[in-house]
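# Architecture at a glance
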Amino acid sequence: MSKKILRRAGFLAATLAASIFTGAQAAEPIKIGSFLSVTGPASFLGDPELKTLELYVERINAVGGVIGRPLELVHYDDAGDASAARNFASRLVRSDRVDIIVGGSTTGATMAAVPLIEQARMPFISLAGAVVITDPVKKWVFKTPQSDRAAAERVLQDMKSHGITKIGLISGTGGFGRSGREQTLALVGKMGMEIVADVTYSPSDTDMTAQLTRIRNTPGVEAVFNFGFGQSPAIVTRNYAQLGIDLPFYQSHGVASDRFLDLLGDAGEGLRLPASPLLVPDSLPNSDPQKAVVTSYKKLYEERWNMQVSTFGGYAHDGLMLAVEAIEKAGSTDREAVRKALESIQGYVGVTGVFNMSSTDHNGLSADSFRILEVKNGKWKLIN
Amino acid sequence: MLKNFLQMRLKGLVVLAVIVLLLPLFFNNPFHYDLATQIAIFAATVVGLNLLVGFAGQISLGHAGFFGVGAYFSAVMTGTYGWTPLPTMLVAAVVVALLAWLVGRPILKLKGHYLSMATLAMGFIIAIIINNEGWLTGGPDGMSVAPFSIFGWELSSFNQYSLFGIEFGGDVAWYFFAGFLLLVAVWIAENIIDSPIGRALRSVHGSEIAARVVGVDTSYYKSLVFVVSAVYASLMGSIYAHFSGFITPHLASFEQSIVLITMVVLGGMASTFGVILGAVVLKLLPQVLADFQELEMMMFGLILMLTMIFMPKGLFPTLQNKLAERKRKKSEEQA
């Protein structure tokens, strides 16, 4: 009996060892580790991110790699589950022994991996939004998307420039909406504005007329701001049109995609939001430093994958390019040298914005990197 | 008979202990320790759940809720309020025990599968509270947890320790700690199974009416074992929180409850070592299948389906029967 169990255990352990221990010998290639939500509820983030990483790793290798070494992409799909993300990060750090990690599609996945990555002293560039990732600054953690704080700031700036000070805030109770709501609440006071109505909806709600009616009936509201993610913002927008509310309407950067426009139909006319210039590459003036990067990324991505480019893929583009830039600057894959190099990147032009990293800012983007877009005739139009 | 039983019980435990001790021979990097530690933690959780599902024949669809309460109680109390981990864990277990008693006691007086519905609802409520009370729990993005410590001695998977002059990493220490907890969990479970309580439970599973007729207070025993299994989940939830250093509400989600139940059913209901095997398989498969990428989910489903079609009793009991049959045939041939 015991012999058999032992034999079975030996077999199990052997399969474990054989299947998990994949390649550790070849020290030549630079290993870029990645864990992304390629499937599951956050696949709209992870899928374009992975496609972008694959595209650019191919392209970089075709021209001879980085510091004379080819890149090797080691990636796992966490399916949007934070504990899976943590486990894959552990595998990247401890088993695959990658040189740098670019990944973490959602804030939950990123934050679950952070304690482990910090202690393993591994440079990590996150592709997730919330401000908690880089505030307070963590020594080894960087990120490429603008934080939700920057998005809120950009929206409030635009409102203020139109003389709006009293806002009705509606937000989702998911991670994105919640964090966005907190950032907005923290900012309004500083900017001399006021939230007069503050309502929330659950990401699974299918009708937000009740919340919107409450905002409409609040006296003094001058504009409405929705902070949400996924399907809900489209529903909010349609309800908004159905109710015939004619106040200026703002959304967050979380819905800045062409697919969102398709969901709206003509309910979205006049809607404004902060977004990456990737949505309006042709309207950018030639003097815009980002124009070249944005058009080239859009063209390459759409040629290679035969599908529309998305803002979220742009985060992965910038993540990978910052990693490459840092490794080139450091001249090696020494982790501390790469981290220092990342911290010292100045004026790097990416798809999302122009990065100015420092030891106190591991995001390196200002609120100005957002462009304010407006929906006009079912298309995005660049306002400023 | 009794002596036989004792020997069987001890034998299984000794074999498990040997496996836990020898497994590191096959590990060649810290990630394997990391994974094995998690497997041990989840195995201990389902050993507790198995008492309820396998022996009392009641299904809990909210066990991840208890796991989550344990994890979050420990995380919040040690992190925000500065409690020490060990007492916090025990307080969490008491809270969960009370909760389980409150839910289980009235429900389990009824016949049928009302407990599944009640626990389903309870699991959802717990997950919603954890998600929505962001000021306390960090909301959907989760919160970080302080490392585990016993009497001021900190156990973190990234520290280096030395014992009797041998240097080893915190991941190794965690592995043996979790392995030890698994052994204790199995030892307690096996003792419950072979006590009057265990026999009462099995009689409930067999036929509740017959059990009542012979004077077993069925609802009391069912509630009791429900509480015990909830306490298992809570303690292991606390341990998991300290181990992983970061927790998200996903831990308490409905899917996670299903994963736990699947571990029990896949490994073999009413078999303590079977459910451990279930935990091993279910935690290992995603890692093994990760190399297949987009086919991963399909293969995962296929493996589960085939196992349930061809081994409806679960992995371990089926294998055990096969071995026993072969042995019998051999001895018949010899005779």
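This is a predicted model, so every value here is computed, not measured.

## Description of the overall build of chain B
Regarding its fold elements, chain B presents 14 helices and six strands. The principal-axis extents of the C-alpha atoms in chain B amount to approximately 65 × 50 × 45 Å. In chain B, which comprises 335 residues, the share counted as buried stands at 53%. Considering only intrachain contacts with a sequence separation of at least 6, the fraction spanning at least 24 residues in chain B is 74%. Each charge class in chain B can be summarised by its mean position, and for the 18 positive and 17 negative side chains these summaries are 19 Å apart.

## So, the overall build of chain A
Scanning chain A for helices and strands turns up twelve helices and 14 strands. Taking 2.2 N^0.38 as the reference for a compact globule, 384 residues should give roughly 21 Å; the C-alpha atoms of chain A span a radius of gyration of 22 Å, in line with that estimate. Oriented by its inertia axes, the alpha-carbon framework of chain A measures out at about 75 × 60 × 40 Å. Across the 384 residues in chain A, those meeting the buried criterion constitute 60%. Residue pairs in contact within chain A that sit at least 24 positions apart in sequence constitute 66% of those at least 6 positions apart. As displayed, chain A offers around 14,300 Å² of accessible surface, 52% of which is attributable to carbon and sulfur atoms. Distance from the positive charge centre (40 side chains) to the negative charge centre (40 side chains) of chain A: 6 Å.

## A short note on the UniProt feature "transmembrane region" (unreviewed entry) in chain B
Residues and elements named next belong to chain B. The positions UniProt marks with the feature "transmembrane region" (unreviewed entry) are residues 12-29, 35-57, 89-107, 114-130, 172-193, 224-243, 258-285 and 297-316. Here residues 35-57 runs as 91% helix and 0% strand, with 30 Å between its end C-alpha atoms. Along residues 297-316 one finds 80% helix and 0% strand; the C-alpha atoms at either end are 24 Å apart.

## Digging into the side chain of Gln 38 of chain B
Mapped onto the secondary structure, Gln 38 of chain B falls in helix α2 (residues 30-55). The buried category is assigned to Gln 38 of chain B, whose relative accessible area is 0%. In this structure Gln 38 of chain B touches Arg 86 and Asn 87 of chain A together with Tyr 240, Phe 243 and Lys 283 of chain B, once residues within four positions along its chain are discounted.

## Re the interface of chain B and chain A
Contact with chain B, which involves 43 residues of that partner, is made by 42 residues of chain A. Contact between chain B and chain A buries roughly 3,800 Å² in total, counting both sides, with carbon and sulfur atoms accounting for 64%. Interface area lost by chain B to chain A is led by Phe 31, Asp 141 and Phe 158 of chain B, which between them contribute 16%. Inspection of the chain B/chain A interface yields two salt bridges. Put simply, Asp 34 of chain B and Arg 94 of chain A hold a salt bridge, and the shortest N to O gap is 2.9 Å. Within the residue set of the side of chain B that touches chain A, elements represented by two or more residues are α1 (2-22), α2, α5 (114-132), α10 (218-244), α12 (272-289) and α14 (315-334) of chain B. By residue class, the composition of the side of chain B that touches chain A is 22 nonpolar, 16 polar and five charged.

## A look at unusual backbone geometry
The step from Asp 135 of chain A to Pro 136 of chain A runs through a cis peptide bond, and the omega angle for that step is 5°. You can see Pro 136 of chain A is positioned in the loop between β4 (124-126) and β5 (141-143). With a phi close to 55°, Asn 306 of chain A is a non-glycine residue in the positive phi region. Here Asn 306 of chain A lies in the loop between α10 (291-305) and α11 (311-330). The class for Asn 306 of chain A is exposed, based on a relative accessible area of 69%. Within the chain, Ala 270 of chain B stands out as a residue other than glycine whose phi angle is a positive 65°. The topology assignment puts Ala 270 of chain B in the loop between α11 (254-267) and α12. Ala 270 of chain B sits in the partly exposed class, given a relative accessible area of 37%.

## Regarding the pairing of strand β1 (residues 30-36) of chain A
The side chains of a regular strand alternate, first on one face of the sheet and then on the other. Residue and element names in this part refer to chain A. Here β1 lies mainly inside the structure; seven of its seven residues are buried. The alternating pattern of β1 places Ile 30, Ile 32, Ser 34 and Leu 36 and Lys 31, Gly 33 and Phe 35 on opposite faces, both of which are buried. Relative to strand β2 (residues 71-77), β1 runs parallel, the two being bridged by seven bridges. Looking at β2, one finds that Lys 31 is bridged to Glu 72. Taken together, β1, helix α2 (residues 43-62) and β2 constitute a β-α-β crossover, and its handedness is right-handed. Bridging between β1 and strand β3 (residues 100-103) involves two bridges; their strand directions are parallel. The residue bridging Gly 33 from the neighbouring strand is Ile 101, located in β3.

## Comments concerning the UniProt feature "domain: Leucine-binding protein" (unreviewed entry) in chain A
Feature annotation in UniProt places "domain: Leucine-binding protein" (unreviewed entry) on residues 29-378 of chain A, given in this structure's numbering. Span residues 29-378 of chain A is 42% helix and 17% strand, its end C-alpha atoms 46 Å apart.

## Some points on the nonpolar core
Judged by nonpolar contacts, the single largest core of 85 residues is most densely connected at Leu 51, Phe 66, Leu 182, Ile 239, Ile 247 and Ile 276 of chain B. In terms of residues, this core owes the most to one element, α2 of chain B, which gives 15 residues. Counting residues in each nonpolar core, the second largest holds 46 residues, with Val 38, Leu 45, Tyr 301 and Leu 322 of chain A among its members.

About the criteria used
Throughout this description, residue numbers start from 1 for each chain and increase along the sequence as written. Naming scheme: in the order in which they are written, chains are lettered from A and ligands are numbered from 1. In view of the model being predicted, local features appear only for residues whose pLDDT reaches at least 70, and side-chain atom pairs are presented and counted only at 80 or more, with totals across whole chains, interfaces and linings using the full set of residues. Processing note: side-chain calculations cover all non-hydrogen atoms of the structure and skip hydrogens and water entirely. A run of H or I in DSSP becomes a helix once it reaches four residues, and a run of E becomes a strand once it reaches two; helices and strands are each numbered from the N terminus. Only protein chains enter the accessibility calculation, which uses a 1.4 Å probe. A residue is then buried if its area is under 20% of the maximum for its type, exposed if over 50%, and partly exposed in between. What makes two residues a contact is simply this: any of their non-hydrogen atoms within 4.5 Å. For the charge count, each Lys or Arg is scored as positive and each Asp or Glu as negative, with His and the chain ends excluded. By convention, the charge on Lys lies at NZ, on Arg at CZ, on Asp at CG and on Glu at CD. Restricting the calculation to C-alpha atoms gives the radius of gyration, and the globule rule supplies 2.2 Å times the number of residues raised to the power 0.38. Calculation of accessible area relied on Shrake-Rupley with a 1.4 Å probe; when residues are assessed, cover is drawn exclusively from the protein chains displayed. UniProt positions are given in the numbering used here, feature names are shortened, and annotations may be inferred rather than shown by experiment. Throughout, the accessible surface (probe 1.4 Å) given up by two parts as they are put together, summed over both, is called the buried area. Salt bridge, as used here, is a side-chain nitrogen of Lys or Arg placed within 4 Å of a carboxyl oxygen of Asp or Glu. Each residue gets one label: Ala, Val, Leu, Ile, Met, Phe, Trp, Tyr, Cys and Pro are nonpolar, Asp, Glu, Lys and Arg are charged, and the others, such as Gly, are polar. Think of it this way: DSSP has to see at least two bridges between two strands before they count as a pair. Place the viewer so that the strands point away; then a crossover is right-handed whenever the path from the first strand over the helix to the second strand goes clockwise. Only buried residues count toward a nonpolar core. Its members are Ala, Val, Leu, Ile, Met, Phe, Trp, Tyr and Cys residues joined through side-chain atoms within 4.5 Å.

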